[in-house]
Amino acid sequence: MQCFSFIKTMMILFNLLIFLCGVVLLAVGIWVSIDGPSFLKIFGPLSSSAMQFVNVGYFLIAAGAVVFALGFLGCYGAQSESKCALMMFFFILLLIFIAEVAAAVVALVYTSMADHFLTLLVVPAIKKDYGSQGDFTQVWDSTMKGLKCCGFTNYTDFEGSPYFKKNNTFPPFCCNDITNTANETCTEEKAENQAVQGCFNQLLHDIRTNAVTVGGVAAGIGGLELAAMIVSMYLYCNLQ
């Protein structure tokens, strides 16, 4: 009985923390959706690189809503000893765990497919909006400066863009031996000779360089999820 009470208390405290994390994610997601540029100024190139591939604001709102609901169900289920809430908590966490495993497998096996799919989405957006849409241009400039990369694949992504049509040059980040001054421009010849790597490949390189850290974090999250599922099932099976 003492063991049951202790585990119940830990379950409540753990899910209270999860609940608060969900509230924070929701708040940050709403903030990013309303005022993206200020988010970029605070969190820098890492956040801007992520914003190339997902709408960070909506992603955080969705993730925050799931974490919020999960924390509420776990906390309420343990506190009120509700079998229904505990079972819902278990199944939602199980679905999240399966989705994470599936995403990891897809990321490892189908990286080239993801590259092709994202190229079809991102490159046309660069050609259409870079140099004309302020926020879009700022996000890409922050990404290329922070990751020391050029475009999604390379400098050719900017051919035909509003920036290229106006200046007849490529962004200075595509020529890493010059600075952004009026007398130094990044011509096609310079960009081709410099061959600065695209941001997608650079991001993959950074992830692989820190694979141990990324793997450790992923394993830690997976372990916590498994532990939470085991505890919720223990409480469920021992309730009267």
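None of the values given here were measured: they were computed from a predicted structure.

1. With respect to the overall build of the chain
Line of reasoning, step 1. A count of helical and extended segments in the chain gives ten helices and zero strands.
Line of reasoning, step 2. In the chain, the order of α-helices and β-strands from amino to carboxyl end is α-α-α-α-α-α-α-α-α-α.
Line of reasoning, step 3. Across the 240 residues of the chain, 34% fall into the buried class.
Line of reasoning, step 4. Expressed as a percentage of contacts within the chain between residues at least 6 apart in sequence, the contacts between residues at least 24 apart total 67%.
Line of reasoning, step 5. Entry remark: accessible area of the chain is about 14,000 Å², with carbon and sulfur atoms responsible for 68%.

2. Structural notes on the pattern of salt bridges
Between side chains of opposite charge, a pair can form as their charged atoms come close.
Line of reasoning, step 1. Enumeration according to the criterion identifies two salt bridges in this entry.
Line of reasoning, step 2. Between E81 and K8 there is a salt bridge, with the nearest N and O atoms lying 3.1 Å from each other. In this pair, E81 sits in the loop between α3 (56-80) and α4 (83-109) while K8 sits in helix α1 (residues 2-34), placing the two residues 73 residues apart along the sequence.
Line of reasoning, step 3. In this structure, K128 engages D129 in a salt bridge whose closest nitrogen and oxygen atoms are separated by 3.4 Å.
Line of reasoning, step 4. The class of K128 is exposed, set by a relative accessible area of 59%.
Line of reasoning, step 5. Residue class for D129 comes out buried when judged on its relative accessible area of 15%.

3. Quick word on the nonpolar core
Line of reasoning, step 1. The biggest cluster of nonpolar side chains holds 25 residues, and the ones touching the most others in it are W140, F152, F158, F170 and C174.
Line of reasoning, step 2. Sorting the residues of this core by element identifies α5 (111-129), α6 (134-147), α7 (162-167) and α9 (199-209) as the ones contributing at least two each.
Line of reasoning, step 3. Membership of the second largest hydrophobic core comes to 17 residues, among which are L70, A78, F89 and F90.

4. Some points on a negative patch on the surface
Line of reasoning, step 1. Among the surface-exposed residues, E159, E188, E189 and E192 lie close enough to one another that they form a single negatively charged patch.
Line of reasoning, step 2. With respect to the helices and strands, E192 occurs in helix α8 (residues 188-194).

5. A look at a nonpolar patch on the surface
Line of reasoning, step 1. A cluster of nonpolar side chains, contributed by F6, M10 and L13, occupies part of the molecular surface with about 310 Å² of accessible area.
Line of reasoning, step 2. Mapping F6 onto the fold places it in helix α1.
Line of reasoning, step 3. Judged by relative accessible area, F6 falls into the exposed class, the value being 52%.

6. Quick word on the side chain of S232
Line of reasoning, step 1. Structurally, S232 can be placed in helix α10 (residues 211-238).
Line of reasoning, step 2. Under the relative-accessibility criterion, S232 is labelled buried at 0%.
Line of reasoning, step 3. Residues in contact with S232, not counting those within four places in the same chain, are M11, L86, F89 and F90.

7. A look at the state of the cysteines
Cysteine pairs can be covalently joined through their sulfur atoms, and such a bond is termed a disulfide.
Line of reasoning, step 1. Taken as a whole and judged by the stated rule, the model has three disulfides.
Line of reasoning, step 2. A disulfide bridge connects C150 with C174, and the sulfur atoms are separated by 1.9 Å. Measuring the twist about the S-S bond at about 75°, one finds the C150-C174 disulfide to be right-handed. Within this pair, whereas C150 is found in the loop between α6 and α7, its partner C174 is found in the loop between α7 and α8, the two being separated by 24 residues in sequence.
Line of reasoning, step 3. The class for C150 is buried, based on a relative accessible area of 1%.
Line of reasoning, step 4. For C174, a relative accessible area of 1% translates into the label buried.

Quick notes on the rules
- Residues numbered from 1 in each chain as written.
- Predicted model: local features only at pLDDT ≥ 70, side-chain atom pairs only at ≥ 80, totals over all residues.
- Heavy atoms only, no water.
- Helix = DSSP H or I, 4+ residues; strand = E, 2+ residues; numbered from the N terminus.
- Buried < 20%, exposed > 50% of the residue type's maximum accessible area, 1.4 Å probe, protein only.
- Contact = heavy atoms within 4.5 Å.
- Areas by Shrake-Rupley, 256 points an atom, 1.4 Å probe, with all protein chains shown as cover.
- Salt bridge = Lys/Arg side-chain N within 4 Å of Asp/Glu carboxyl O.
- Core = buried A, V, L, I, M, F, W, Y, C linked by side-chain atoms within 4.5 Å.
- Patch = residues over 30% accessible without salt bridge, like charges linked within 9 Å, V, L, I, M, F, W, Y side chains within 5 Å.
- Lys, Arg positive; Asp, Glu negative; His and termini not counted.
- Charge placed at Lys NZ, Arg CZ, Asp CG, Glu CD.
- Disulfide = S-S within 2.5 Å.

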